[in-house]
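Descriptive analysis of the structure
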Amino acid sequence: LNIRSEKENITKLDLHGLNIEKDMIKILTLCDFLKNITYLDLNNNNISDEGMEYFCKCDFLKNLTKLYLSKNNISDKGIEYFSKCYFLKNITKLWLNDNKISDKGIEYFSKCDFLKNLAVLFLSNNNISDKGIEYFSKCDFLKNLTSLGLSSNNISDIGMEYFSKCDFLKKLTE
C-alpha cells in the first residue's frame, strides 16, 4: 500500500466541528497532499482572521470548488485576506454564515473578481447592513450566482432597493 499515493487522491476533506484554530490551519497549509482537494468543510471551528491569513497563502488549494467556512469567528479582516486569494478562482459554492462579517467585509468581498464562477453564496447571520448590500450590488463578477443567503442580517428596504438594480440577481433560483 502506497500511503503517499493514497493521500494524493483525496478530493474531499470534512473537518467541521473539530475546534480547529489558526495553528492547525497553519499546519494544514503545509500539507501538499491537499492539492487535489475540491471540497473542504471547515464549518464550526475557530479559524479566526489569523487562520484565514494562513489559509489564504495556501495556493495548492487551487482546485477547491466548495468551501465551507461558517461559524469560524471570521471578521472583516479575514475577508480582506480572502479577497487576495486569487488561486481560489474555481470556487462555485461558498458558505460564510454565522461569522462576524460586516459592511467593510462586503466591501473587500466586492473586489474578489476572481470568484466569477461562484454560483452559491451564503452570508446569513452576520453583521451586514444596507451599506454592505450597496457594495455587494456592484459585484459584476457574480453573474453566475444562482443561490444567495443573507437572512438574519440588518438589511432594510434600502438594501432591497440596491438589490433591485442588480443584473446578476436575475439568475437566482433559490
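Residues numbered from 1 in each chain as written. Predicted model: local features only at pLDDT ≥ 70, side-chain atom pairs only at ≥ 80, totals over all residues. Heavy atoms only, no water.

**Topic: helix H3 (residues 48-55)**
All of the buried residues along H3 are Ser48, Asp49, Gly51, Met52 and Phe55. For H3, the angular spread of the buried residues around the axis is 160°, confining them to a single face. For H3, the elements touching its buried residues are helix H2 (22-28), strand S2 (39-41), strand S3 (66-68) and helix H4 (76-82). (Buried < 20%, exposed > 50% of the residue type's maximum accessible area, 1.4 Å probe, protein only. Helix = DSSP H or I, 4+ residues; strand = E, 2+ residues; numbered from the N terminus. Arc of directions from axis to C-beta. Contact = heavy atoms within 4.5 Å.)

**Observations concerning the sheet that holds strand S1 (residues 12-14)**
Each strand in a sheet pairs with its neighbour through backbone hydrogen bonds, running either in the same direction (parallel) or in the opposite one (antiparallel). Pairing is parallel across the open sheet formed by 6 strands, whose spatial order is S1-S2-S3-S4-S5-S6. The sheet is open, and its two borders are formed by S1 and strand S6 (147-149), each paired with just one other strand. Between one strand axis and the next, the sheet turns through 5° on average, direction left out of account. As paired strands, S1 and S2 are joined by 3 bridges and run parallel to one another. When the sheet's bridge partners are listed, Asp14 is paired in S2 with Asp41. (Pairing = 2+ DSSP bridges. Axes fitted to C-alpha atoms, helices over the stretch in contact; angles between N-to-C directions.)

**Observations regarding empty space enclosed by the protein**
For the structure on display, the rule yields 1 cavity of 30 Å³ or more. Of the volumes computed, that of the largest cavity is approximately 60 Å³. Considering the residues around the largest cavity, the lining is formed by Ile25, Leu28, Thr29, Leu34, Leu40, Leu42, Phe55, Cys58 and Leu61. For the lining of the largest cavity, the per-class residue count stands at 8 nonpolar, 1 polar and no charged. (1 Å grid on protein atoms, 1.4 Å probe; cavity = no way out; pocket = protein on both sides within 12 Å on 5 of 7 lines; lining within 4 Å. Points joined across faces, edges and corners; volume = space filled by probe spheres on them. Nonpolar A, V, L, I, M, F, W, Y, C, P; charged D, E, K, R; others polar.)

**Digging into the nonpolar core**
Core analysis: the biggest nonpolar cluster contains 54 residues, and Phe55, Phe82, Phe109 and Phe136 have the highest contact counts within it. Going through the elements one at a time, H2, H3, H4, helix H5 (103-109) and helix H6 (130-136) are the ones with two or more residues in this core. Each residue touching Phe55, except ones within four places of it in the same chain, is listed here: Ile25, Thr29, Leu40, Leu42, Leu61, Leu64, Leu67, Phe87 and Leu88. (Core = buried A, V, L, I, M, F, W, Y, C linked by side-chain atoms within 4.5 Å.)

**Considering unusual backbone geometry**
Not every positive phi belongs to a glycine, and Asn19 is a case in point at roughly 55°. Here Asn19 lies in the loop between S1 and H2. Looking at Asn19, the relative accessible area reads 52%, which means it is exposed. A positive phi is found at Lys71, a non-glycine position, where the angle reads about 55°.

**Points about the packing of aromatic side chains**
Taken as a whole, this structure holds 8 aromatic pairs when the rule is applied. Here Tyr86 and Phe114 contribute two aromatic rings whose centre-to-centre distance is 5.4 Å and whose plane-to-plane angle is 70°, an arrangement assigned as edge-to-face. Residue Tyr86 is located in the loop between H4 and strand S4 (93-95), and its partner Phe114 is located in the loop between H5 and strand S5 (120-122); the two are separated by 28 residues in the primary sequence. We classify Tyr86 as exposed; its relative accessible area is 52%. The class for Phe114 is buried, based on a relative accessible area of 8%. Judged by centre distance (6.3 Å) and plane angle (25°), the ring pair of Phe109 and Phe136 falls under stacked. Taken together, the residues Phe109 in helix H5 and Phe136 in helix H6 connect sequence positions 27 residues apart. Across this residue pair, the class does not change: Phe109 and Phe136 are buried. An aromatic cluster is built from Tyr39, Tyr68, Trp95 and Phe122, whose rings are joined through pairwise contacts. (Phe/Tyr/Trp six-rings, centres within 6.5 Å; stacked < 30°, edge-to-face > 60°.)

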